Amino acid sequence: MMSTSVRFARRLALVALTSLATFTAPLALAQGYPTKAITLVVPFAAGGPTDIVARTLAGVMTKSLGQTVVVENRAGAGGTLAAGHVMRAAPDGYTYLIHHNGMATAPALYRKLPYNPQTDFEHVSQVIDVPMTLLGRKDLPANNFPELLAYMKAQGDKINLAHAGLGAVSHLCGMVLRQAVGVDMTTVPYQGTGPAFQALLGGQVDILCDQTTQTTPHIKAGTVKFFGVTTASRIKVLPDAPTLAEQGLKGFEVVVWHGIYAPKNTPKDATEKFAAALRAALKDPTVVQRMTELGAEFVPDAKLTPEGLRSWLKQETERWGPVIKSAGVYAD
Ligand code: MLT
């Protein structure tokens, strides 16, 4: 027969093991996940390109998951506020982040970044790619890229470039442009390119690099000046538009990619179910039509996996880190 002290020691060991497990293992998932609304955090203002992708997918995912996917905009600090918020959220499968290249550039841009994008999250899946376009206000006295270059050289830092903060792709594109052209510009930050684009339409800023998901209808309607696309080759949705690379900026290439992240230790059952709904949404005919019309490019299935995101994030972090360091751009 077991003595009281042996029984006590065994119970103590069990309690110790159980509490250790709660610190190291993901929480168990409630039956029937999801049983309530899921929040998808967008790190930029409503109405902008990231928000357009998130809301297009969330509507379809709501139907397949049987619970509302609520899009929450938490703009600020080039997307890093939202990423920090999701990193600290409960790892229960009810909070996700959709973010872009900013997850790869922030470590080089922010000296005090409160998270490590590669180790402090569950990497759920890549989402979709989006080309960028270089635009000017309608009354800018330049009608094509060579004229824009001449105007920029003449104006120097009197040129205002709108962007969505350090970590935003509009900022990254502007930084690469500044390096390629060798002209200093005045940068004007907004909470997202939704408001930055409104400032361009209103003539309050001169130029903006922004994603086709927001800019395509405006380019087609001629409400802005359009100087080229940032991809390595021409894009289907704007077939006549030359790339910046073919107009003299050799090797210029900025393409926006997106990933879905969850707080570290979110149960795998939850992230897998969310990812399955995402993959199905990306094949939904209404999503395919809308995203295609807006110039977005669907990525191969291999990228719609945790490893597909993890390895791409690592690769992009290694690509942009040295570029940003050599540009000497950072936030304290
Ligand atoms: C946005 O959604 O506002 C953009 O993705 C911001 C950016 O330029 O990165």
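Residues numbered from 1 in each chain as written. Predicted model: local features only at pLDDT ≥ 70, side-chain atom pairs only at ≥ 80, totals over all residues. Heavy atoms only, no water.

By the naming in an unreviewed UniProt entry, the protein goes by ABC transporter substrate-binding protein and is assigned to Pseudaquabacterium pictum. Its UniProt record, at the heading Sequence similarities (unreviewed entry), says of the protein: "Belongs to the UPF0065 (bug) family." (UniProt positions renumbered as here; feature names shortened; annotations may be inferred.)

This part takes up the overall build of the protein. For the protein, the count of helices and strands is 11 helices and 10 strands. Expressed along its principal axes, the backbone C-alpha trace of the protein runs to roughly 95 × 45 × 30 Å. Burial analysis of the protein (332 residues in total) assigns 52% to the buried set. Taken as a whole, the protein presents about 14,700 Å² of accessible surface, with 56% of it coming from carbon and sulfur. (Helix = DSSP H or I, 4+ residues; strand = E, 2+ residues; numbered from the N terminus. Buried < 20%, exposed > 50% of the residue type's maximum accessible area, 1.4 Å probe, protein only. Areas by Shrake-Rupley, 256 points an atom, 1.4 Å probe, with all protein chains shown as cover.)

All right, on to the side chain of Thr-271 then. With respect to the helices and strands, Thr-271 occurs in helix 9 (residues 268-281). Relative accessible area serves as the criterion here: at 12%, Thr-271 is assigned to the buried category. Within the structure, the side chain of Thr-271 is placed 3.1 Å from the backbone oxygen of Lys-268, a separation counted as a polar contact. Once residues within four sequence positions are removed from consideration, Thr-271 is found in contact with Tyr-96, Val-124, Ala-262 and Thr-266. (Polar contact = N/O pair within 3.5 Å; in protein donor to acceptor, adjacent residues only side chain to side chain. Contact = heavy atoms within 4.5 Å.)

Any aromatic ring pair is given by two values, namely how distant the centres are and how the planes are angled relative to each other. One pass over the structure, following the stated rule, counts 5 aromatic pairs. Seen from their ring centres, Trp-257 and Trp-312 are 6.5 Å apart, and the 80° between their planes marks the pair as edge-to-face. A residue pair is termed long-range when its members are at least 10 positions apart, and Trp-257 in strand 9 (residues 255-263) and Trp-312 in helix 11 (residues 306-327) qualify at 55 residues. Of the residues examined, Trp-257 reaches a relative accessible area of 2% and is grouped as buried. An aromatic cluster is built from Tyr-115, Phe-121 and Tyr-261, whose rings are joined through pairwise contacts. A cation over a ring is seen here: Lys-36 above Tyr-94, with NZ or CZ 4.6 Å from the ring centre. The ring of Trp-312 has Lys-303 sitting right over it, with the charged end atom 4.0 Å from the ring centre. (Phe/Tyr/Trp six-rings, centres within 6.5 Å; stacked < 30°, edge-to-face > 60°. Lys NZ or Arg CZ within 6 Å of the ring centre and 35° of its normal.)

Let us now look at the state of the cysteines. Taken as a whole, this structure holds 1 disulfide when the rule is applied. The disulfide bridge from Cys-173 ends at Cys-209, spanning 2.0 Å between sulfur atoms. With a gap of 36 residues between them, Cys-173 in helix 6 (residues 169-181) and Cys-209 in strand 7 (residues 207-211) connect regions that are remote in the sequence. Overall, Cys-173 belongs to the buried group, its relative accessible area being 0%. (Disulfide = S-S within 2.5 Å.)

Quick look at the site of the ligand now. Every residue lining the ligand is accounted for by Phe-44, Pro-49, Thr-50, His-100, Ala-164, Ala-168, Val-169, Ser-170, Gly-192, Thr-193 and Gln-211. In this structure, Ser-170 approaches the ligand through a side-chain N or O atom, which is 2.6 Å from an oxygen atom. The separation between an oxygen atom of the ligand and a polar main-chain atom of Thr-193 is 2.7 Å. Relative to its free-state accessible area of 270 Å², the ligand is covered by the protein chains to the extent of 100%. With respect to the detected pockets, the ligand is housed in the largest cavity. (Near = heavy atom within 4 Å. 1 Å grid on protein atoms, 1.4 Å probe; cavity = no way out; pocket = protein on both sides within 12 Å on 5 of 7 lines; lining within 4 Å. Sits in = over half its atoms within 2 Å of the grid points.)

Inspection of the sheet shows strand 5 (residues 160-163) paired to strand 6 (residues 186-189) by 4 bridges, in the parallel sense. When the sheet's bridge partners are listed, Leu-161 is paired in strand 6 with Thr-187. Chirality of the crossover, the property in question, places the unit of strand 5, helix 6 and strand 6 among those that are right-handed. (Pairing = 2+ DSSP bridges. Right-handed = clockwise from strand over helix to strand, strands pointing away.)

It is worth spelling out the pattern of salt bridges at this point. By the definition in use, this model includes 11 salt bridges. One salt bridge connects Asp-139 with Arg-137, and the closest N-O pair in it is separated by 2.8 Å. Judged by relative accessible area, which is 14%, Arg-137 ranks as buried. Here Glu-307 ties to Arg-310 by a salt bridge, and the two come within 2.8 Å at their closest N and O atoms. With Glu-307 and Arg-310 both in helix 11 and 3 residues apart, this pair spans about one turn of that helix. Overlapping salt bridges, with partners in common, bring together Arg-137, Asp-139 and Asp-206 in one network. (Salt bridge = Lys/Arg side-chain N within 4 Å of Asp/Glu carboxyl O.)

Residues three or four positions apart in an α-helix share a direction because the helix packs 3.6 residues into each turn. Over its 22 residues, helix 11 extends 31 Å from the first C-alpha to the last, a length consistent with the 32 Å expected when each residue adds 1.5 Å. Largest kink in helix 11: about 25°, centred on Trp-320, with the proline Pro-322 one to four residues after it. Listing the buried residues of helix 11 in full gives Gly-308, Leu-309, Leu-313, Glu-316, Thr-317, Trp-320, Gly-321, Ile-324 and Ala-327. Residues of helix 11 that are buried make contact with helix 4 (102-109), strand 4 (121-136), helix 6 and strand 9. Gly-328 occupies a position one or two residues after helix 11 and carries a positive phi of about 65°. (Expected span 1.5 Å × (residues − 1). Bend = angle between axes of the 7 residues up to and from the residue.)

Time to look at the layout of surface pockets. Each pocket or cavity is described by its volume, and for the largest pocket that value is around 240 Å³. What lines the largest pocket is a set of 15 residues, among which His-123, Lys-268, Thr-271, Glu-272 and Pro-306 lie closest to the centre. When residues of the lining of the largest pocket are traced back to their parent elements, those giving at least two are strand 4, helix 9 and helix 11. A per-element tally of the lining of the largest pocket places helix 9 first, with 5 residues. Grouping the constituent residues of the lining of the largest pocket by class yields 6 nonpolar, 4 polar and 5 charged. Its boundaries defined by the atoms lining it, the second largest pocket holds a volume of some 160 Å³. Residues of the lining of the second largest pocket, tallied by class, amount to 4 nonpolar, 2 polar and 2 charged. No fewer than three residues from each of domain 1 (30-129 + 257-327) and domain 2 (131-247) sit in the lining of the second largest pocket. (Points joined across faces, edges and corners; volume = space filled by probe spheres on them. Nonpolar A, V, L, I, M, F, W, Y, C, P; charged D, E, K, R; others polar. Domains from an automatic or database assignment.)

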